[in-house]
Amino acid sequence: MLFPTVDFAIFFVLVFVGHWLLNHQSHAWKWFMIAASYVFYAWWNWRFVFLLVGVSFLAQTGAIAVARTRSLRARLIVNGIAVTALLLPLAFFKYYGFLAVNVTNVLSSLGLESSIPLIQVVLPVGISFFTFMAIAYVVDVYRGDFEVASWTDAFLYLSFFPHLVAGPIVRPNELIPQLRERRDERHVDVAGAAWLILGGLFKKMVVSSYLAAQIVDPVFGDPAQRSAPDALFGILGYAIVIYADFSGYTDIAIGIAKLLGFQFPRNFDRPYTASSIQDFWRRWHMTLSRWLRDYLYIPLGGNRGGERRTYVNILITMILGGLWHGAAWTFVLWGAYHGGLLTAHRWRARHGAKETREGWLDVLRQRAATFALVCVGWVFFRADSMETAFALLRRLITGWWTPSESVTPLVVVTIIGMLALQFWPRGFGLWLQSGLSRLKPAPLGIVLALAMLLIVILGPSGVAPFIYFQF
Amino acid sequence: MSQPRAPEEGKPERQAGSAAPVQYARRLMPAGRVLIVILVTLLAWTLLYAPTLKRAAEASPIGARRTVSLALLRPISAVSDWIGLNELAGSIERAVGRDQGRPGGAFVPPPEDIPLTPEEEEDPPGNGGNGDGSTAEADSIRAPTTERKLRVAIVGDSLAAGLGYFAERVFLPRLVRVSGQGRISTGLARPDYFNWPYTMHRIVDRFDPDLVIVMLGENDHQSLQDVHGEREARIGTSEWPPAYRERVLRMMQIATSRGAKVVWAGLPISADFRLRDHSKRQNEIFEFAAGISNDVAYFDAWDRFREPRGGYTAYFREGKRVILIREGDGLHFNAIGYTILAREIAKLAVEEFGLSPRTFQTAI
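Residues numbered from 1 in each chain as written. Chains lettered and ligands numbered in written order. Predicted model: local features only at pLDDT ≥ 70, side-chain atom pairs only at ≥ 80, totals over all residues. Heavy atoms only, no water.

So what exactly am I meant to see when it comes to the overall build of chain A here?
The helix and strand tally for chain A stands at 19 helices and 0 strands. A compact globule built from 471 residues should have a C-alpha radius of gyration of about 23 Å, and chain A, at 23 Å, falls within 12% of that. Expressed as lengths along the three principal axes of its C-alpha atoms, the size of chain A is roughly 70 × 65 × 55 Å. Out of the 471 residues belonging to chain A, those deemed buried represent 57%. Within chain A, contacts between residues at least 6 apart in sequence are counted, and of these 77% link residues at least 24 apart. In the form shown here, chain A has an accessible surface area of approximately 19900 Å², with 67% of it arising from carbon and sulfur atoms. Distance between charge centres in chain A, computed from 39 positive and 26 negative side chains, equals 6 Å. (Helix = DSSP H or I, 4+ residues; strand = E, 2+ residues; numbered from the N terminus. Rg over C-alpha atoms; globule rule 2.2 N^0.38 Å. Buried < 20%, exposed > 50% of the residue type's maximum accessible area, 1.4 Å probe, protein only. Contact = heavy atoms within 4.5 Å. Areas by Shrake-Rupley, 256 points an atom, 1.4 Å probe, with all protein chains shown as cover. Lys, Arg positive; Asp, Glu negative; His and termini not counted. Charge placed at Lys NZ, Arg CZ, Asp CG, Glu CD.)

Printed below as a string of structure tokens:
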């Protein structure tokens with residue numbers, strides 16, 4: 001079920017009523033929310049509900065087994081088995097086809113026949129997200145950071161519908177305690193939630209849809225024939241599209257959770273204002289960044305094994321992070337590129353200039369350089385093949401004599417406007433929310449309806465799936 | 001009597017150590033009132049947007065969902081009309097540059113955005129397409145020059161939309177101008193929703209294509225309606241195939257009316273076996289209709305992209321290399337798939353209509 005649909009609106013009204021009516025009956029409330037979340041998930045494909053149940057069962061069984069094991073070594077082994085078992089469905093659904101094609105082609109180039117069946121495995125929506133949350137749960141129990149939850153808490157933690165299909169990746173200690181407590185039905189932050197939901201809808205349905213259709217899809221579809229301005233604004237446009245699409249989704253998810261009395265962690269913090277690549281990863285998909293740090297980089301040894309080992313760990317983490325986004329060499333290269341940038345940044349911090357210049361021009365230069373580097377990475381992230389990516393980058397140099405087809409004043413204004421919003425004072429949004437919260441329910445509802453109408457009118461008909469659904 | 005005020009929350013996030021300004025505090029609401037906000041929002045939005053919602057419901061496939069939607073939306077739309085909200089919504093739509101009821105967004109290129117070919121570039125009607133007035137090679141597509149590029153229109157549903165994007169990778173832009181005219185969720189079954197014959201006329205009149213590539217039919221697994229929404233032939237009955245064939249022939253006739261050649265691409269095999277029988281029957285109709293005119297060739301996408309034993313495969317063997325060409329939905333192609341599809345269609349146009357091989361590239 002997509003958030004910006006009539007189906008979801010009806011679903012949410014029913015869930016909202018049930019949620020607050022059962023708020024005082026913890027057990028019944030949990031079962032109700034599990035059922036609602038499974039209905040939400042089954043809307044795509046009911047068969048994959050069994051997968052969600054299976055992953056939840058594996059996570060809970062693994063966590064119990066880890067908690068009950070006394071010896072440290074045995075705990076490590078049990079934890080390893082549980083994490084491997086959780087990774088197996090993800091590996092099969094996400095990487096089988098990629099592996100099968102590459103093995104077949106390598107063998108074929110050697111003159112050998114491959115017997116690997118070439119089947120296309122349908123990727124269950126959200127599998128990457130709930131698998132990572134399941135791993136976080138088991139590993140936190142292993143580390144002693146979190147006690148084993150009850151079966152219902154564990155199942156609800158993994159299936160809770162606001163985060164289910166595209167995050168944010170919520171940690172057990174952030175959500176499970178909230179599941180155990182009674183929500184305060186007297187104090188719902190409706191203005192904050194409405195701001196997030198409407199802002200998310202605007203980013204997704206207007207900005208992302210417009211730029212994708214107007215410039216990004218045409219430019220990435222046929223980069224070799226495009227002019228340099230087309231290529232440049234196609235890349236800049238995609239930087240905005242991926243941000244508007246994904247942050248739009250998580251804003252809606254966080255807003256919906258807020259209406260139900262839950263607090264989710266932030267996932268984006270003005271990423272294009274980052275002044276270094278390290279800063280960028282503190283601001284972009286923050287819940288994934290910290291997951292990669294806590295459950296991959298640190299277990300690999302983090303920075304404890306010396307300088308060289310640290311660089312290797314960063315590279316491994318980022319390459320696997322890239323592969324998490326999709327089973328393609330372009331994602332591997334994107335991950336390696338960011339790993340390389342982070343490594344270079346770290347090396348420079350250790351061996352480069354000791355004094356940090358902080359004049360406004362230096363900050364501007366650092367921000368511009370970081371944004372440019374991030375945009376180069378987005379080319380590999382978006383391109384359907386390496387050839388497409390390199391063809392587009394080539395056109396930035398060779399395409400200045402070709403007339404532009406897709407750069408319109410509105411495209412330029414939209415891109416610049418969205419970038420400028422990253423620097424907009426927070427106070428403005430807070431002031432608006434504060435004003436909204438002072439309205440009575442009926443006027444507030446009418447204001448929100450008019451805002452929704454404007455978003456729907458400005459956006460194209462139909463709703464394209466969110467980009468991060470495929471991850 | 002004044003109501004008790006709920007405590008305030010929502011201090012703006014600030015860096016640690018800084019104080020939150022009180023003027024931005026948000027007032028919180030009890031859940032019951034939030035429900036009123038949600039219901040008022042949805043009701044007001046439904047009233048404001050009722051005509052468009054009703055139109056979308058009318059366009060959806062016939063079935064229980066459509067019936068229920070229309071049963072709910074018709075009275076709401078009438079109420080909206082009666083109290084004038086319909087007009088208010090229409091004014092807002094017009095103010096942002098969008099006509100009510102028209103698919104597409106205010107800023108998204110509208111579907112009728114068909115490129116206009118200047119008169120001096122057009123071919124005299126009915127001359128077979130040589131453009132220079134000669135009729136010696138009336139059965140062939142004219143040889144393009146950089147001054148007078150070949151015009152290729154790609155029309156149809158979402159498959160054609162994808163094909164249109166990636167055909168630009170295949171056809172060389174210095175010799176060929178590609179106009180992608182794919183419209184998602186369209187077909188020949190529901191002219192009440194999208195009128196393809198009318199649109200085809202406009203494409204032919206404005207763009208005057210030399211080659212038209214048609215790929216549609218995946219949305220036609222339903223009863224046929226006329227432009228007023230009245231049912232013409234129920235799906236699964238003996239009336240459906242001849243009525244559908246008439247519509248296909250009409251499209252072909254319009255497409256070729258100014259001398260263009262047509263490659264009609266059949267439906268590719270899909271992963272969903274429930275669609276296969278019907279798709280096969282549609283392909284038989286396409287192939288039969290194409291056989292009637294010398295100006296139309298049928299491209300068999302089914303056989304071209306199936307596995308050797310006849311079933312569905314998402315992969316394509318190109319020499320020694322295996323390539324994933326289909327999307328996970330088991331119907332659409334991915335970027336490389338559409339590129340291969342465009343190239344294969346171009347090759348057929350070379351065989352059937354003498355399309356110059358220098359107008360496209362064969363390497364993927």
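I would appreciate a short explanation of the overall build of chain B in the present structure.
Looking only at helices and strands, chain B has 9 helices and 11 strands in total. Taking all 364 residues of chain B together, 51% fall into the buried category. Long-range contacts, defined as pairs at least 24 residues apart, comprise 65% of the intrachain contacts of chain B with a sequence gap of at least 6. Of the roughly 17000 Å² that chain B leaves accessible, carbon and sulfur atoms contribute 53%.

Mind showing me how you'd approach the side chain of B:Thr359 here?
Examined against the element boundaries, B:Thr359 turns out to sit in the segment after helix 9 (335–353). Setting aside anything within four residues of it in sequence, one finds B:Thr359 in contact with B:Pro144, B:Leu150, B:Val170, B:Phe171, B:Leu172, B:Leu175 and B:Val176.

Could you clarify how one ought to interpret the pairing of strand 3 (residues 150–156) of chain B in this entry?
As a general feature of sheets, a regular strand has side chains that alternate between the two faces. Residue and element names in this part refer to chain B. Counting buried residues along strand 3, 7 of its 7 residues qualify, which places the element largely inside the surrounding structure. Neither face of strand 3 is left uncovered, since the one carrying Leu-150, Val-152, Ile-154 and Gly-156 and the one carrying Arg-151, Ala-153 and Val-155 both have all their residues buried. Relative to strand 4 (residues 176–182), strand 3 runs parallel, the two being bridged by 7 bridges. Residue pairing for strand 4: Ala-153 is matched across the bridge by Ser-179. Since strand 3 and strand 4 lie parallel, the crossover through helix 4 (residues 158–170) that links them has a hand, and here it is right-handed. Relative to strand 5 (residues 211–215), strand 3 runs parallel, the two sharing 5 bridges. In the strand pairing of strand 5, Gly-156 is matched with Met-215. (Pairing = 2+ DSSP bridges. Right-handed = clockwise from strand over helix to strand, strands pointing away.)

Sorry if this is basic, but what is going on with the pairing of strand 5 of chain B here?
Residue and element names in this part refer to chain B. Of all 5 residues in strand 5, 5 are buried, a share of seventy percent or more. A two-sided burial pattern is seen for strand 5, the buried positions comprising Leu-211, Ile-213 and Met-215 on one face and Val-212 and Val-214 on the other. In this sheet, strand 8 (residues 261–265) lies alongside strand 5 in parallel orientation, the contact comprising 4 bridges. Looking across to strand 8, one finds that Ile-213 is bridged to Val-263.

Mind showing me how you'd approach the interface of chain A and chain B here?
When the parts of a complex come together, some accessible area is lost, and that lost area is often taken as the interface size. In this assembly, 69 residues from chain A lie in contact with 60 residues from chain B. Taking both sides of the interface into account, the surface hidden between chain A and chain B amounts to around 5600 Å²; carbon and sulfur atoms contribute 65%. Viewed at the interface, chain B and chain A are joined by 3 salt bridges. Taking the shortest distance from any N to any O, the salt bridge between B:Arg26 and A:Asp189 comes out at 2.8 Å. There are 15 residue pairs in polar contact (both at pLDDT 80 or more) connecting chain A and chain B. For the side of chain A that touches chain B, the leading source of residues is helix 19 (residues 441–458) of chain A, giving 14 residues. Taken together, the residues of the side of chain A that touches chain B sort by class into 38 nonpolar, 19 polar and 12 charged. (Buried area = accessible area lost by both parts, 1.4 Å probe. Salt bridge = Lys/Arg side-chain N within 4 Å of Asp/Glu carboxyl O. Polar contact = N/O pair within 3.5 Å; in protein donor to acceptor, adjacent residues only side chain to side chain. Nonpolar A, V, L, I, M, F, W, Y, C, P; charged D, E, K, R; others polar.)

Hey, could you run me through the packing of aromatic side chains in this one?
Aromatic ring pairs are described here by two measures, namely the spacing of the ring centres and the angle between the planes. Residues and elements named next belong to chain A. According to the stated counting rule, one finds 57 aromatic pairs over all chains in the structure shown. Geometrically, the ring pair formed by Phe-8 and Phe-40 is edge-to-face, given 6.0 Å between the ring centres and 75° between the ring planes. Taken together, the residues Phe-8 in helix 1 (residues 6–21) and Phe-40 in helix 2 (residues 26–42) connect sequence positions 32 residues apart. Each member of the pair Phe-8 and Phe-40 is classed as buried. Look at Phe-92 and Phe-93: their rings are 5.3 Å apart centre to centre, the planes differ by 75°, and that puts the pair in the edge-to-face class. Residue Phe-93 is classed as buried on the basis of its relative accessible area, which comes to 17%. (Phe/Tyr/Trp six-rings, centres within 6.5 Å; stacked < 30°, edge-to-face > 60°.)

I tried to follow the environment of B:Arg258 on my own but got confused; where do I start?
By secondary structure assignment, the location of B:Arg258 is in the loop between helix 6 (240–255) and strand 8. Of note is the side chain of B:Arg258, whose polar atom sits 3.4 Å from the backbone oxygen of B:Asp205.

Please clarify how helix 9 of chain B should be interpreted in this entry.
Helical periodicity: at 3.6 residues per turn, an α-helix aligns residues three or four positions apart in one direction. All names here are of chain B. The terminal C-alpha atoms of helix 9, which comprises 19 residues, lie 26 Å apart, in line with the 27 Å expected from a rise of 1.5 Å per residue. With 14 of 19 residues buried, helix 9 lies mostly within the body of the structure. Between a side-chain oxygen at the N-terminus of helix 9 and the backbone nitrogen of Ile-336 the separation is 3.2 Å; the capping residue is Asn-334. One or two residues past the end of helix 9 sits Gly-354, with phi positive at roughly 65°. (Expected span 1.5 Å × (residues − 1).)

So what exactly am I meant to see when it comes to unusual backbone geometry here?
With glycine set apart, most residues show a phi of negative sign, and most peptide bonds adopt trans. Despite not being glycine, A:Arg270 has its phi angle at roughly 50°, a positive value. Relative to the helices and strands, A:Arg270 is located in the loop between helix 10 (228–259) and helix 11 (277–283). At B:Asp208, a residue that is not glycine, the phi angle is positive and equals roughly 50°. Structurally, B:Asp208 is set in the loop between helix 5 (196–207) and strand 5. Residue B:Asp208 is classed as buried on the basis of its relative accessible area of 0%.

In this structure, what is going on with the nonpolar core? I would like to understand it.
Grouped burial of nonpolar side chains is what soluble globular proteins tend to show. Residues and elements named next belong to chain A. By size, the foremost hydrophobic cluster in this structure holds 161 residues, and its most contacted members are Tyr-137, Phe-161, Leu-259, Tyr-272 and Trp-378. Counting residues per element, this core draws most heavily on helix 10, which supplies 19 residues. Sequence-distant contacts of Tyr-272, defined by excluding residues within four places in its chain, comprise Ala-239, Ile-240, Ile-242, Tyr-243, Phe-280, Trp-284, Phe-371, Val-374, Trp-378, Leu-419, Gln-422 and Phe-423. (Core = buried A, V, L, I, M, F, W, Y, C linked by side-chain atoms within 4.5 Å.)

What is the right way to read the packing of helix 9 (residues 190–221) of chain A against helix 4 of chain B from this model?
With their axes 9 Å apart at the nearest point, helix 9 of chain A and helix 4 of chain B run at an angle of 40° to one another. The angle between helix 9 of chain A and helix 4 of chain B places the two elements in the oblique class. As for the relative orientation of helix 9 of chain A and helix 4 of chain B, their crossing is right-handed in sense. Together, A:Ala213, A:Asp217, A:Pro218, A:Phe220 and A:Gly221 of helix 9 of chain A and B:Tyr165, B:Phe166 and B:Arg169 of helix 4 of chain B make up the contact between the two elements. (Axes fitted to C-alpha atoms, helices over the stretch in contact; angles between N-to-C directions. Parallel < 35°, antiparallel > 145°, perpendicular 65-115°, else oblique. Left-handed = near helix turned anticlockwise from the far one by under 90°.)

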